[in-house]
Amino acid sequence: IVASDHGSGSKPPLGLSTSVPAAPPVVIQNVSVFHLERDADQSGRVGNTIDGNPDTAWQTDIYNNSTFAGLRHGLGLAFTLASSQALHQLSVTSPTVGWSAEVFVANGVPDPPTMAPWGTPVAAHQGIDGSTVFDLSGHRGTAILLWITNLGSTDQTTIQEVTAS
């Protein structure tokens, strides 16, 4: 049922809504640093990205340029979900200016780490100025990978909070 007032400024009748409810939040059971080369950056702080407190954060190491100084092809955060679900959005809170990332959805985090099981990205943003929301278009899976491809203007990316719905 759709209510319309044809621009009169009045509210729809009681019991009718003109807005679509937001998708319920997805339960993230675990998060880990997903890396292909070297040791994981700041792995002891990775839980800060799902603790519900934007005053805590995870950061990459500081590199000599925004593309990991040739030491990495990228770096990510792998989120394991409580169950397989249709995913609609990944919201990322960050103060970092100019960072870029891709998002992948799969049925599990590959061990040992490799990109092939993730398939192709379901979303990507470049030159992000701070926080962003990735549209996951209903892709189903039990794992989400936030794959950072550019660290931004300070050669380091900070992620404060990540939520999925």
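Since this is a predicted model, take the numbers as computed values, not measurements. (Residues numbered from 1 in each chain as written. Predicted model: local features only at pLDDT ≥ 70, side-chain atom pairs only at ≥ 80, totals over all residues. Heavy atoms only, no water.)

J.: Where do I start with unusual backbone geometry in this structure?
T.: Most of the time, phi is negative for any residue but glycine, and the peptide bond is trans. That bond from D111 to P112 is cis: its omega, 10 degrees, falls within 30 degrees of zero. Secondary-structure assignment places P112 in the loop between β4 (97-106) and β5 (123-129). Not every positive phi belongs to a glycine, and Q42 is a case in point at roughly 50 degrees. Within the element layout of this structure, Q42 appears in the loop between β1 (28-34) and β2 (58-59). Of note in the backbone geometry, D155 takes a positive phi value of approximately 60 degrees without being a glycine. Among the secondary structure elements, D155 is positioned in the loop between β6 (132-150) and β7 (158-159). Judged by its relative accessible area of 19%, D155 is buried. (Helix = DSSP H or I, 4+ residues; strand = E, 2+ residues; numbered from the N terminus. Buried < 20%, exposed > 50% of the residue type's maximum accessible area, 1.4 Å probe, protein only.)

J.: Just checking my understanding: could you explain the pattern of salt bridges for this structure?
T.: If the charged atoms of two oppositely charged side chains come close together, the side chains can form a pair. Counted under the stated rule, the structure contains 3 salt bridges. Measuring nitrogen to oxygen at the nearest pair gives 4.0 Å for the salt bridge that ties R38 to D41. By relative accessible area, which is 43% here, R38 ends up partly exposed. Three or more residues are tied together by salt bridges with common partners; here these are R38, D41, D61 and R72. (Salt bridge = Lys/Arg side-chain N within 4 Å of Asp/Glu carboxyl O.)

J.: Looking at this structure, I do not really get the side chain of D155. What am I missing?
T.: Although buried, D155 forms no salt bridge, and the nearest oppositely charged side chain, R38, lies 13 Å from it. When sequence neighbours within four positions are dropped, the list of residues in contact with D155 reads D61, I62, Y63, N64, N65 and S66. (Lys, Arg positive; Asp, Glu negative; His and termini not counted. Contact = heavy atoms within 4.5 Å.)

J.: Is there a simple way to explain the packing of aromatic side chains in this structure?
T.: Aromatic ring pairs are defined here through the distance separating the ring centres and the angle between the ring planes. As enumerated under the stated definition, the model contains 3 aromatic pairs in all. Summarising the aromatic geometry, the rings of F34 and W118 are spaced 5.8 Å apart at their centres and angled 90 degrees between planes, so their arrangement reads as edge-to-face. Separated by 84 residues along the polypeptide, F34 in strand β1 and W118 in the loop between β4 and β5 bring together distant segments of the chain. Overall, the relative accessible area of 2% leaves W118 in the buried class. Look at F34 and W147: their rings are 6.2 Å apart centre to centre, the planes differ by 75 degrees, and that puts the pair in the edge-to-face class. Residue F34 is located in strand β1, and its partner W147 is located in strand β6; the two are separated by 113 residues in the primary sequence. Every member of this aromatic cluster is reached through a ring pair, and the members are F34, W118 and W147. (Phe/Tyr/Trp six-rings, centres within 6.5 Å; stacked < 30°, edge-to-face > 60°.)

J.: Any chance you could explain the confidence of the model for the chain here in plain terms?
T.: Atom-level detail of predicted coordinates should not be read off regions where pLDDT is low. Chain-level statistics for the chain give a pLDDT mean of 89 and a share of 87% at 70 or above. Across residues 1-20, where pLDDT falls below 50, the model places 7 contacts with residues more than four positions away in sequence or in other chains. (pLDDT = per-residue confidence, 0-100.)

J.: Where do I start with the environment of Q59 in this structure?
T.: In this structure, Q59 sits in strand β2. Looking at Q59, the relative accessible area reads 32%, which means it is partly exposed. Apart from the residues within four sequence positions on either side, Q59 is in contact with D41, Q42, Q156, T157 and T158. Within polar-contact distance, the side chain of Q59 engages the side chain of T158 at 3.0 Å. (Polar contact = N/O pair within 3.5 Å; in protein donor to acceptor, adjacent residues only side chain to side chain.)

J.: I'm lost on the pairing of β6 in this one. Help?
T.: Within a regular strand, side chains alternate between the sheet's two faces. Across 13 bridges, strand β3 (residues 75-93) lies against β6 in antiparallel orientation. When the bridges of β6 are listed, Q89 appears paired with D135. Strand direction decides the pairing type here: β4 and β6, joined by 7 bridges, are antiparallel. Its bridge partner lying in β6, S100 is registered against N150. (Pairing = 2+ DSSP bridges.)

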